Amino acid sequence: MALILNIETSTAVCSVSLGKDGELLAYKENKEGMNHATHLTVFIDSILKENQLTPNDLDAIAVSMGPGSYTGLRIGVSTAKGICYGSNLPLIAISTLQAMTAPLLKNKAIISQLGDPESSIFCPMIDARRMEVYTAFFSYKNEEIRKTSAEIIDGESFASDLDKSEIVFFGDGSAKCQSSFQSQNAIFVDDITPTAIGMLQLSEAKFKNGVFEDVAYFEPFYLKDFVATTPKKNIF
């Protein structure tokens, strides 16, 4: 039983949710691109004020740990750490891919399309540029059954798995895979992005079990090293 602020900044969507006992109390998001530094603290402040709360009233802060955008993850984690330090709150880290999967598993319209949902595989994908995605496999119970990895997609990707099971592909990385997968067992779901709503019950479960991060040493799960590029407008 907890009051938890959930922060999601791993992709182009910036969102914050307030949950009580795993149920949604308030939510704010922005889908206009990588403007997290501008919107995140404003969202947090608004949610707290609208619910007549201060950070000291919270029981924990949960943050999406990645994989995803290096810059986005840094902003989310540094903000979460700052609140934890300032109000002496525990920090909870939630897998971005698992949080993406949670709302989909509750979507009866999607689940009803599957031949055997309990034996199906759920495969969230985050675009990692070109033909690469960040992905993992989850079960019908949202348990990780294949570890998170960076996969370069081609015609042979997941072929042996598709021979055995229906696989539901979703997330912004799945669109570029659709032409590569010809199996009837490949099912694609549009318009699924990581949001702080998907974190609600996962963060509540971790709070109940006392699964907290070391605020001083926790780092996001980047999966790949950051590669700096030079903006084209600065090239002469």
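### A short note on the overall build of the protein
Next, step 1: The number of helices and strands found in the protein is six helices and 10 strands.
Next, step 2: Expressed along its principal axes, the backbone C-alpha trace of the protein runs to roughly 55 × 50 × 30 Å.
Next, step 3: Burial statistics for the protein: of 236 residues in total, 50% are counted as buried.
Next, step 4: Partitioning the intrachain contacts of the protein with sequence separation of at least 6 by distance along the chain shows that 63% fall at a separation of at least 24.

### A closer look at the side chain of T195
Next, step 1: Position of T195 relative to the elements: it lies in the loop between β10 (186-189) and α6 (200-208).
Next, step 2: Here T195 is in contact with E8, S15, Y27 and E29, once residues within four sequence places are set aside.

### Some points on the confidence of the model for the protein
Next, step 1: Taken as a whole, the protein shows an average pLDDT of 92; of its residues, 94% reach a score of 70 or greater.
Next, step 2: This model gives residues 226-236 a pLDDT under 50, and the stretch forms two contacts once residues within four places in sequence are excluded.

### Quick word on the pattern of salt bridges
Next, step 1: Using the criterion set out here, one finds six salt bridges in the structure.
Next, step 2: Close ionic contact of E50 with K28 constitutes a salt bridge, the shortest N to O distance being 3.3 Å. One end of the pair, E50, is in helix α1 (residues 36-50); the other, K28, is in strand β3 (residues 23-30), and 22 residues separate them in sequence.
Next, step 3: Assessed through its relative accessible area of 21%, K28 is described here as partly exposed.
Next, step 4: Where E29 meets K31, a salt bridge forms, and the shortest distance between an N and an O atom there is 3.6 Å.
Next, step 5: We classify E29 as partly exposed; its relative accessible area is 34%.
Next, step 6: Using a relative accessible area of 57% as the deciding quantity, one classes K31 as exposed.

### Here we look at the pairing of β3
Next, step 1: Two strands pair when backbone bridges link them, and strand β2 (residues 14-20) and β3 are joined in this way by seven bridges, in the antiparallel orientation. Across the sheet, residue V16 finds its bridge partner in β3, namely K28.

### Describing the packing of aromatic side chains
For any pair of aromatic rings, geometry is given as the distance between the ring centres together with the angle between the planes.
Next, step 1: Applying the stated criterion across every chain, the model contains eight aromatic pairs.
Next, step 2: Look at F137 and F158: their rings are 5.6 Å apart centre to centre, the planes differ by 40°, and that puts the pair in the tilted class. One end of the pair, F137, is in strand β7 (residues 132-138); the other, F158, is in the loop between β8 (144-152) and α5 (159-164), with 21 residues separating them in the sequence. Each member of the pair F137 and F158 is classed as buried.
Next, step 3: Taken together, a centroid distance of 5.3 Å and an interplanar angle of 25° make the contact between F169 and F188 stacked.

### Comments concerning helix α3 (residues 96-105)
Next, step 1: Counted residue by residue, α3 has eight buried out of 10 residues, so it is predominantly covered.
Next, step 2: Two to three positions downstream of the cap, the backbone nitrogen of L97 sits 3.4 Å from a side-chain oxygen, assigning the N-cap of α3 to S95.

### Points about the environment of S64
Next, step 1: Residue placement: S64 occurs in strand β4 (residues 60-64).
Next, step 2: According to the relative accessible area criterion, S64 is buried, its value standing at 1%.
Next, step 3: In sequence terms S64 and L5 are 59 residues apart; their C-alpha atoms lie 11 Å from each other.
Next, step 4: Contact partners of S64, with chain neighbours within four places excluded, come to I7, E8, S10, L73, I94, T96 and M199.
Next, step 5: One polar contact links S64 to T96, side chain to side chain, over a distance of 2.5 Å.

What counts as what
- The written sequence of each chain sets the order in which its residues are numbered from 1.
- Local features in this predicted model are restricted to residues whose pLDDT is 70 or higher, and side-chain atom pairs enter the listing and the counts only when it is 80 or higher, whereas totals over whole chains, interfaces and linings include all residues.
- As a rule here, side-chain values come from all non-hydrogen atoms in the structure, and water together with hydrogens is ignored.
- Numbering of helices and strands runs from the N terminus; a helix is a DSSP stretch of H or I covering at least four residues, while a strand is a stretch of E covering at least two.
- Classification of residues uses two cut-offs on accessible area relative to the type maximum, computed with a 1.4 Å probe and protein chains only: under 20% is buried, over 50% is exposed, and between them is partly exposed.
- We call two residues in contact when some of their heavy atoms are within 4.5 Å.
- Residue-level confidence of the predictor is what pLDDT reports, using numbers from 0 through 100.
- We define a salt bridge as a contact between a side-chain nitrogen of Lys or Arg and a carboxyl oxygen of Asp or Glu at a distance within 4 Å.
- Paired strands, as defined in this entry, are two strands with at least two bridges between them according to DSSP.
- Pairing of aromatic rings covers Phe, Tyr and the six-membered ring of Trp, with a centre-to-centre limit of 6.5 Å; geometry is then stacked below 30 degrees between planes, edge-to-face above 60, and tilted otherwise.
- N or O atoms closer than or at 3.5 Å make up a polar contact, with two conditions inside protein: a donor-capable atom paired with an acceptor-capable one, and, for residues adjacent in sequence, both atoms drawn from side chains.

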